[in-house]
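Listed here are the chains, written in short residue letters.
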Amino acid sequence: MRFLIVTGLSGAGKTSVLRHLEDSGYQCIDNLPPLLLAQAFTLCEKVELDMPVALGVDSRSGALFNAEAVLDAIAQASDSHEISILFLEADTETLIDRYKETRRDHPLMRGRVTLEGAIAKERELLQPLRECAHYVLSTGGLRPKELCTRVDELIAHGENQQVLRTEIMSFGYKRGIPRESDLVFDVRFLPNPYYIKEIRAYTGLEAPVRDYVLQKEETREFLAHLYELVDYLLPLYQREGKRRLMIAVGCTGGAHRSVAISEELCAHLRALGQTVNVIHRDIVQEEASWPFRLSRSGGTSKS
């Protein structure tokens, strides 16, 4: 049988993913204590389910949760079942914002533990699962529909789990470097479109900013070196058995230069046949913070 263990940080989107999987034909069981995981494998096999099974396992189990117990149960059942782990995560700022919106308590907020402290504790608690995960998905900046699409892309080819999956994330340094990044490239040395009045209200996804950034001589030279380095590194990571590589590209705010460069790097890797996805972590927040707004009917509003 085919099982998918859905785990990760609280607030990272596990409930949304399990609902989507259920709609996609999975038998879903959420908030399963690790000690019952082995029994769940046996029960699903006994009733001869003719569908894949998704099992939600995470820190909501409280004192019943133990990451090593999850891994032990998977190891014991992996000879007779196809079992994968999907780990969902997000940066701390995103998780805090989501908890503020829902007004719910984090499952590890007990006693005098703050929300930020609970998130840090949960990261440490779940780290063994993250290290063994077949798929690690950062959900920061993803809308629900985009999240479901990314999940479908990740698990659609479960038979080819050893392929290196590369994620490129643009970000703004003023909101911090992504914790999940493996490689970080700082593009703040490139000319900043923010200071060009005619184009600053556009983002790196749009032609005015994209063309401004990419047509600079220093950008072309940088991309040539970046492509050479990444093309050299990816086969080495894959040879060592790495399943997922996060490349972070940062500028000041995360809406102009880093976005344009991330899109170009993604296009380059896809042209080489690599499995790659791009996420723009801070673009929505950065646009919302601008004192000027773009009017699509023409021009910008007054600051």
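Residues numbered from 1 in each chain as written. Predicted model: local features only at pLDDT ≥ 70, side-chain atom pairs only at ≥ 80, totals over all residues. Heavy atoms only, no water.

Student: Give a description of the packing of aromatic side chains that names residues and reports values.
Tutor: Geometrically, a pair of aromatic rings is defined through the distance of the ring centres and the angle of the planes. In the structure shown here, the tally under the stated rule is 4 aromatic pairs. Measuring from ring centre to ring centre gives 4.9 Å for Phe171 and Tyr173, while their planes differ by 55°; the resulting arrangement is tilted. A residue is classified by how much of its surface remains accessible, and Phe171, at 0% relative accessible area, is buried. Seen in terms of ring centroids, Tyr194 and Tyr195 are 5.5 Å apart; in terms of plane orientation they differ by 85°. Their pairing is edge-to-face. Positioned over the ring face of Tyr173 is Arg188, at 3.6 Å from the centre of the ring. (Phe/Tyr/Trp six-rings, centres within 6.5 Å; stacked < 30°, edge-to-face > 60°. Buried < 20%, exposed > 50% of the residue type's maximum accessible area, 1.4 Å probe, protein only. Lys NZ or Arg CZ within 6 Å of the ring centre and 35° of its normal.)

Student: Give me helix 8 (residues 217–239): which residues, what numbers.
Tutor: Between the first and last C-alpha of helix 8 there are 34 Å, a value that for 23 residues agrees with the 33 Å anticipated at 1.5 Å per step. Looking at helix 8, one finds that the buried residues are Thr219, Phe222, Leu223, Leu226, Tyr227, Val230, Leu233 and Leu234. On its buried side, helix 8 packs onto strand 6 (165–172), strand 7 (183–186), helix 7 (207–214), strand 8 (244–251) and helix 9 (257–271). (Helix = DSSP H or I, 4+ residues; strand = E, 2+ residues; numbered from the N terminus. Expected span 1.5 Å × (residues − 1). Contact = heavy atoms within 4.5 Å.)

Student: Let's hear about the sheet that holds strand 8: which residues, and what values?
Tutor: In space, the 4 strands of this open sheet follow the order 7-8-6-9, with parallel pairing throughout. Two strands bound the open sheet, and with one partner strand each, they are strand 7 and strand 9 (275–280). Across the sheet, the mean angle from the axis of one strand to that of its neighbour is 20°, orientation sign disregarded. Pairing of strand 7 with strand 8, which is carried by 4 bridges, proceeds in the parallel orientation. Looking at strand 8, one finds that Val184 is bridged to Ala248. (Pairing = 2+ DSSP bridges. Axes fitted to C-alpha atoms, helices over the stretch in contact; angles between N-to-C directions.)

Student: Give a detailed account of the pattern of salt bridges, specifying residues and quantitative values.
Tutor: What the rule picks out here adds up to 12 salt bridges. Salt-bridge contacts for Arg150 lead to Glu153; the nearest nitrogen and oxygen are separated by 2.8 Å. Linking Arg150 with Glu153, this pair stays in helix 6 (residues 144–155), spanning 3 residues, or about one helical turn. Taking the relative accessible area as the measure of exposure, Arg150 reaches 8% and is therefore buried. The exposure class of Glu153 is partly exposed, given its relative accessible area of 42%. (Salt bridge = Lys/Arg side-chain N within 4 Å of Asp/Glu carboxyl O.)

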